[in-house]
Amino acid sequence: SLQQLRHVRPMAGCSAEVWRCDSAWINKAVFAKVIHRLGEWSKLMAPARQPILLLDAHGVHCSREIAAAAKKANVWLCVIPASTTSLLQPLDTDVFARCKMFLRNILCKMMMTDNNADMQVSVGDGATWGA
């Protein structure tokens, strides 16, 4: 919410950006801005390196507008075929998935038993959002 966003403060050494849009869904205009920022960052921080962005085959990712934005920003796009996660990230599908499920179950149990008064999220300037 805008109210929560007002409390977020920059953290020393963190270059994260917060963008607030009408929708949380990715669209071509927002993704083109992401690619533009990636190109700017790459020129500044790693000028001798070629940025390569790995993407799934989502319609926004595979559009002419995004290809044009990537070319302008000197970012190479590499589309990863569908159903290849188990080949490219075997730990994610076989090991971490079980760990994530275990943690998700613990969180759900805590939330269902109302034993979550101490669950808080730090926003970087000492302020917290509590459950």
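Residues numbered from 1 in each chain as written. Predicted model: local features only at pLDDT ≥ 70, side-chain atom pairs only at ≥ 80, totals over all residues. Heavy atoms only, no water.

A. Just the overall build of the protein chain, in detail. On a plain count of helices and strands, the protein chain comes out with 5 helices and 4 strands. Listing the helices and strands of the protein chain from first to last along the sequence gives α-α-β-α-β-α-α-β-β. Put simply, the protein chain has 131 residues, and 15% of those count as buried. When contacts within the protein chain are restricted to residue pairs at least 6 apart in sequence, those whose partners lie at least 24 apart make up 47%. Carbon and sulfur atoms form 60% of the exposed surface of the protein chain, whose accessible area is close to 10700 Å². (Helix = DSSP H or I, 4+ residues; strand = E, 2+ residues; numbered from the N terminus. Buried < 20%, exposed > 50% of the residue type's maximum accessible area, 1.4 Å probe, protein only. Contact = heavy atoms within 4.5 Å. Areas by Shrake-Rupley, 256 points an atom, 1.4 Å probe, with all protein chains shown as cover.)

B. Examining the environment of H58 more closely. Secondary-structure assignment places H58 in the loop between β1 (52–55) and α3 (64–73). Given the relative accessible area of 38%, H58 is considered partly exposed. Residues H58 and A82, spaced 24 residues apart in sequence, show a C-alpha to C-alpha distance of 9.6 Å. Only 3.0 Å separates the side chain of H58 from the backbone nitrogen of V60, close enough to count as a polar contact. (Polar contact = N/O pair within 3.5 Å; in protein donor to acceptor, adjacent residues only side chain to side chain.)

C. Looking closely at the pattern of salt bridges. Counted under the stated rule, the structure contains 3 salt bridges. Where E17 meets R37, a salt bridge forms, and the shortest distance between an N and an O atom there is 2.2 Å. One end of the pair, E17, is in the loop between α1 (2–6) and α2 (28–45); the other, R37, is in helix α2, and 20 residues separate them in sequence. The exposure class of R37 is partly exposed, given its relative accessible area of 34%. (Salt bridge = Lys/Arg side-chain N within 4 Å of Asp/Glu carboxyl O.)

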